[in-house]
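# Notes for the structure review
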Amino acid sequence: MPTTKNANSSSIHTPTFIRGDEFHFPIYKVLKQDGTTYRGAVLPKLDQEKALRIYRTMVFTRVLDERMLAAQRQGRLSFYMQSTGEEATVIGSAAALDDADMIMAQYREQGALAYRGFTTDQFMNQLFSNELDYGKGRQMPIHYGSRDLHYMTISSPLATQIPQATGYAYGQKLDGGGHCTITYFGEGAASEGDFHAALNMASVHKVPVIFLCRNNGYAISTPSSEQFAADGIAPRALGYRMHAIRVDGNDILAVYQATLEARKIAVEQNEPVLVEAMSYRLAAHSSSDDPSGYRSKKEEEAWREKDPILRMKLWLQKKKWWSEEEEKNLQESLRREVLETMKKAEKRPPPPLDSLVTDVYDEVPPQLAEQLSKLKAHIRKYPDAYPKSAGGLKHG
Amino acid sequence: MAKMNLLQAINNALDLAMASNDKTVCFGEDVGVFGGVFRATSHLQEKYGRARCFNTPLVEQGIIGFANGLAAQGHVAVAEIQFADYIFPAFDQIVNESAKYRYRSGSLFDVGNLTIRTPYGGGIAGGLYHSQSPEAYFAHTPGLKIVVPRNPYEAKGLLLASIRDPNPVVFFEPKRLYRASVGDVPEEDYELPLGKASVLKEGTDITLLAWGAQMEPLEKAAEMAEKEGISCEIIDLRTIVPWDIETVTNSVLKTGRLVISHEAPLTGGFAGEIAATIQERCFLYLESPIARVTGLDTPFPLALEKEYVPDHLKIFEAIKHSIHF
Ligand SMILES: Cc1ncc(C[n+]2csc(CCOP(=O)(O)OP(=O)(O)O)c2C)c(N)n1
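About the criteria used
Residues numbered from 1 in each chain as written. Chains lettered and ligands numbered in written order. Predicted model: local features only at pLDDT ≥ 70, side-chain atom pairs only at ≥ 80, totals over all residues. Heavy atoms only, no water. Domains from an automatic or database assignment. Contact = heavy atoms within 4.5 Å. Buried area = accessible area lost by both parts, 1.4 Å probe. Patch = residues over 30% accessible without salt bridge, like charges linked within 9 Å, V, L, I, M, F, W, Y side chains within 5 Å. Areas by Shrake-Rupley, 256 points an atom, 1.4 Å probe, with all protein chains shown as cover. Salt bridge = Lys/Arg side-chain N within 4 Å of Asp/Glu carboxyl O. Helix = DSSP H or I, 4+ residues; strand = E, 2+ residues; numbered from the N terminus. Buried < 20%, exposed > 50% of the residue type's maximum accessible area, 1.4 Å probe, protein only. Polar contact = N/O pair within 3.5 Å; in protein donor to acceptor, adjacent residues only side chain to side chain. Near = heavy atom within 4 Å. Nonpolar A, V, L, I, M, F, W, Y, C, P; charged D, E, K, R; others polar. Core = buried A, V, L, I, M, F, W, Y, C linked by side-chain atoms within 4.5 Å. Axes fitted to C-alpha atoms, helices over the stretch in contact; angles between N-to-C directions. Left-handed = near helix turned anticlockwise from the far one by under 90°. Pairing = 2+ DSSP bridges. 1 Å grid on protein atoms, 1.4 Å probe; cavity = no way out; pocket = protein on both sides within 12 Å on 5 of 7 lines; lining within 4 Å. Points joined across faces, edges and corners; volume = space filled by probe spheres on them. Right-handed = clockwise from strand over helix to strand, strands pointing away. Parallel < 35°, antiparallel > 145°, perpendicular 65-115°, else oblique.

### Quick look at the domain arrangement of chain B
Residues and elements named next belong to chain B.
- In terms of domains, chain B is made up of domain 1 (2–185) and domain 2 (198–323).
- A separation of 26 Å is found between the C-alpha centroids of domain 1 and domain 2.
- With 26 residues of domain 1 at the interface, the matching set in domain 2 holds 25 residues.
- Contact between domain 1 and domain 2 buries roughly 1900 Å² in total, counting both sides, with carbon and sulfur atoms accounting for 56%.

Structure follows, in structure tokens:
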């Protein structure tokens, strides 16, 4: 039987088109920039310990980003991506989850991983592609992953993780453990077909997945006004009959509370939820990008005033949970830690030559083993041309 | 003549294509105001307006589907896919649509006006997803032409020919050479023929064959071999499909030896196709097995990129092995 949800809806007898212009998606806000809250706003129940865990992670992420961009500029690192300006979106949402919920991120979500407890050493080992990198030095910097922390390894092809999150969460539902998956993506990636497939399947199959769109205004140079004609991403959920909420992405309390409730819907009702966090990518797209070619300093400045970290700090201080003294100590100790771990990670050797051929399959097939042994013979012949691996071969 | 790098040559070709035919439209992710992440489309929007050069939403299947429709309608569609690694969401549109439009309609409709430009290859510390050379996937699809230039002069002439060729063309740009390769390029409009290889240097002992960015290590290896008294004939295939069987055959009939090199993995790589064809045509003239110097049968690595790539030393070794077989 052909069905539409509107099968019983009223009939009309003159052709009437609906574009939805009259519908505007509201934006949920709790915290003002001066650290006070909106009157009547629904506030999350955040105790001091959790609030400080969130805050420290935000500051850590900012410090890491600043330091690693500088390292890239000094030529110590090949590539980097900052999440500056979006810390509240990423960390506030991660904090609202159970630490065992799955995270399937895009690439600008280092804050979520840091919140889960990824150590500075672990960040550095990945960034410097050394022998301790879990990804064995195969992917570009910032492509982190952690099985222990339920953080799927990042993949550069955009939006591919979104339908995967639907599938992953469907598996969680079948297992019945009360867990869900959150997937992060930019408003640019949301243009990919994978996004639409993911939402539709999640809604049809009643899947406990949270789609968290970081609407930061740009996809590299493309402003969101050239990405979509509609009112952002949140309204798309309605076409799939899915819960959606738009939230101020620079407002840690709003992001936290919205995600907390989204998780409840996902886990208790087995329903997907779309969260659109409105923010701004304050830094360049990546270390390879220069935004001066496509946006104004003035626009950036206006958003710098809405700094999510400062906003949270003012709130913490109003609650007497945080002092300038503690701020200073935190900043200093994080800077020191980042610098020291970086120096350690830089000095570590790259992964061994054999890692070129492992993990392509569960076992190295004979043909590939042969390719590797030919390569080894070649490197032994020209050790000076392959300084990274020649040393490791001398005794092997 | 002007000195241009490969990017400038491509930009210049696009400029001429748009100037000479006002039905030409260029689009893709970030190609508008910004001029593309590599700046291949710089100033085109300024010059020709937003209707003819624009940013698309971030959706490759959409870009190529749109391009197929635009080309079928009669416009000249020049679509950019930001990295060849990201062409796969559009695989269906290219393999099932672009390639088969003319055939399935009995030539009622075609998308011959379509050209897909995309940067490919390693050498920029790009790891798995900013380094791939996917030409062989497309070579396996009848109905597409596949072109890969090696320097600015070639890039301009081949791109103009690709845009004007009445068949859909996938044009792979060697991004490692975008700024690194600089040369003299005529300012006027010119085309280089598709389907024609180019003999860069004549020789008598061995034929060396590659395309695109791989020509550089090939030539370097040839220099090393020449110092050892080995006379190398160097050929740039330029067009992968249709490939110039005649030029390669004639060369191998003369030298009796062939080394083919590409960055893509060995298995299923286009070198295999060439080797099969050449051994058919030159069997009794071959002095040694046809050698392939390629990437390993693995994804493209990052930390160990240097070890992975088929560099000049590996090619040099293959030359010597072939000579002393
Ligand atoms: C399938 C695919 N196409 C293109 C790219 C190149 N690319 C990398 S990031 C990016 C922009 C993404 O923007 P958005 O999703 O809004 O996220 P943001 O960077 O703003 O966080 C593009 C086009 C890619 N990685 N994958």
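### Quick look at a nonpolar patch on the surface
- A cluster of nonpolar side chains, B:Leu253, B:Phe283, B:Leu284 and B:Tyr285, forms an exposed patch at the surface whose accessible area comes to about 480 Å².
- Mapped onto the elements of the fold, B:Phe283 is located in the loop between helix H10 (270–282) and strand E14 (291–295).

### Describing the side chain of B:Ser261
All names here are of chain B.
- Summarising the element assignment, Ser 261 is placed in strand E13 (residues 258–265).
- By relative accessible area, which is 0% here, Ser 261 ends up buried.
- In terms of polar contacts, Ser 261 uses its side chain to reach the side chain of Gln 214, at 2.9 Å.
- The contacts of Ser 261, once residues within four sequence positions are left out, are Leu 209, Ala 210, Gln 214, Leu 218, Val 293, Pro 310 and Ile 315.

### Focus: the interface of chain A and chain B
- If you look at the interface, chain A gives 46 residues, while chain B gives 40 residues.
- For the pair chain A and chain B, the summed buried area comes to about 3400 Å², and 61% of that belongs to carbon and sulfur atoms.
- For the interface between chain A and chain B, the tally reads two salt bridges.
- Residue A:Glu226 pairs with B:Arg50 through a salt bridge whose shortest N-O separation is 3.3 Å.
- One can count 14 residue pairs in polar contact (both at pLDDT 80 or more) joining chain A with chain B.
- Looking at the side of chain A that touches chain B, the elements that each hand over two or more residues are strand E5 (222–223), helix H12 (366–381) and helix H13 (387–393) of chain A.
- The element that contributes the greatest number of residues to the side of chain A that touches chain B is H12(A), accounting for seven residues.

### Describing the site of the ligand
- Contacts to the ligand come from 22 residues, most closely from A:Tyr107, A:Arg108, A:Arg214, A:Tyr218 and B:Glu60.
- At the site occupied by the ligand, nearby residues are drawn from chains A and B.
- With respect to the ligand, the side chain of A:Tyr107 contributes an N or O atom lying 2.5 Å from an oxygen atom.
- The contact in question runs from an oxygen atom of the ligand to an N or O atom on the side chain of A:Arg214, over 2.8 Å.
- When the ligand sits alone it has 590 Å² of accessible area, and the protein chains cover 97% of it.
- Its residues placed into classes, the shell around the ligand shows nine nonpolar, seven polar and six charged.

### A look at the nonpolar core
- Counting 84 residues, the largest nonpolar core has B:Ile10, B:Phe27, B:Leu237, B:Leu258, B:Ile260, B:Ile274 and B:Ile278 as its most contacted members.
- Among the elements that take part in this core, helix H1 (residues 6–20) of chain B stands out by supplying nine residues, more than any other.
- Counting contributing residues, this core receives three or more from each of domain 1 (2–185) and domain 2 (198–323) of chain B.
- The residues contacting B:Ile10, other than those within four sequence positions of it, are B:Ala40, B:Arg117, B:Ala155, B:Leu159, B:Phe171, B:Glu173 and B:Tyr178.
- Judged by nonpolar contacts, the second largest core, of 75 residues, contains A:Ala95, A:Ile182, A:Ile265 and B:Leu302.

### Re the packing of helix H1 (residues 48–73) of chain A against helix H10 (residues 308–318) of chain A
All names here are of chain A.
- Two numbers describe how H1 lies on H10: the axes approach to 10 Å, and their chain directions differ by 150 degrees. For H1 against H10, the interelement crossing comes out left-handed. Contacts between H1 and H10 involve Ala 51, Leu 52, Ile 54, Tyr 55, Met 58, Val 59 and Arg 62 from the former and Pro 308, Ile 309, Met 312, Lys 313, Trp 315 and Leu 316 from the latter.
- For the contact of H1 with H10, the class distribution of residues is eleven nonpolar, no polar and two charged.

### Considering unusual backbone geometry
- For the bond running from B:Val241 to B:Pro242, omega is -5 degrees, close enough to zero to count as cis.
- A positive phi angle is found at A:Lys136, which is not glycine, with a value near 55 degrees.
- A relative accessible area of 34% places A:Lys136 in the partly exposed class.
- Even without glycine at this site, A:Ile142 takes up a positive phi of about 80 degrees.
- Residue A:Ile142 is classed as buried on the basis of its relative accessible area, which comes to 0%.

### Some remarks on the sheet that holds strand E2 (residues 24–28) of chain B
Residues and elements named next belong to chain B.
- Strand order in this open sheet of seven strands is E3-E2-E4-E5-E7-E6-E12, and the pairing throughout is mixed. Each end of this open sheet is capped by a strand with a single partner; those strands are strand E3 (53–55) and strand E12 (239–241). Sheet twist, expressed as the mean angle between neighbouring strand axes with direction ignored, is 20 degrees.
- In terms of strand pairing, E2 meets E3 through three bridges, oriented parallel. In the sheet register, Gly 28 faces E3, and the bridge partner there is Asn 55.
- Sheet strands touched by helix H3 (residues 60–73): E2, E3, strand E4 (76–80) and strand E5 (114–120). Its angle to E4, the strand with the most contacts, is close to 170 degrees.

### Quick look at the pattern of salt bridges
Residue and element names in this part refer to chain A.
- The final tally for this structure, using the stated rule, is 46 salt bridges over all chains.
- Here Glu 131 ties to Arg 348 by a salt bridge, and the two come within 3.2 Å at their closest N and O atoms. On the criterion of sequence distance, the pair formed by Glu 131 in the loop between helix H4 (120–127) and helix H5 (161–175) and Arg 348 in the loop between helix H11 (324–347) and H12 is long-range, its members being 217 residues apart.
- Measuring nitrogen to oxygen at the nearest pair gives 3.2 Å for the salt bridge that ties Lys 313 to Glu 324. Within this pair, whereas Lys 313 is found in helix H10, its partner Glu 324 is found in helix H11, the two being separated by eleven residues in sequence.
- Accessibility expressed as a relative area gives 13% for Lys 313, which makes it buried.
- What makes Glu 324 partly exposed here is its relative accessible area of 47%.
- The network of salt bridges with shared partners includes Arg 295, Lys 297, Glu 300, Glu 301 and Arg 304.

### Quick look at empty space enclosed by the protein
Residue and element names in this part refer to chain B.
- Applying the stated rule across the entire model yields one cavity of 30 Å³ or more.
- Its volume calculated, the largest cavity comes out at about 90 Å³.
- Class assignment of the residues belonging to the lining of the largest cavity gives a composition of three nonpolar, five polar and three charged.
- No fewer than three residues from each of domain 1 (2–185) and domain 2 (198–323) sit in the lining of the largest cavity.

### Quick word on the pairing of strand E10 (residues 206–210) of chain B
Residue and element names in this part refer to chain B.
- Counting buried positions along E10 gives five out of five residues, so the element sits mostly inside the fold.
- Residues Ile 206, Leu 208 and Ala 210 line one face of E10 and the alternating positions Thr 207 and Leu 209 line the opposite face, and both faces are buried.
- As paired elements, E10 and strand E11 (residues 232–236) share five bridges and run parallel to each other. Of the residues in E11, the one forming a bridge with Leu 209 is Ile 235.
- Between the parallel elements E10 and E11, the chain passes through helix H8 (residues 215–227) in a crossover that is right-handed.

### So, the packing of H1(B) against helix H7 (residues 152–164) of chain B
Residue and element names in this part refer to chain B.
- For the pair H1 and H7, interaxial distance at closest approach is 8 Å and the crossing angle is 30 degrees. Here H1 is positioned roughly parallel relative to H7, judged by the angle of their axes. For H1 against H7, the interelement crossing comes out right-handed. Only Pro 152, Ala 155, Lys 156, Leu 159, Leu 160, Ile 163 and Arg 164 of H7 make contact with H1, whose side of the interface consists of Leu 6, Ala 9, Ile 10, Asn 12, Ala 13, Leu 14, Leu 16, Ala 17 and Ser 20.

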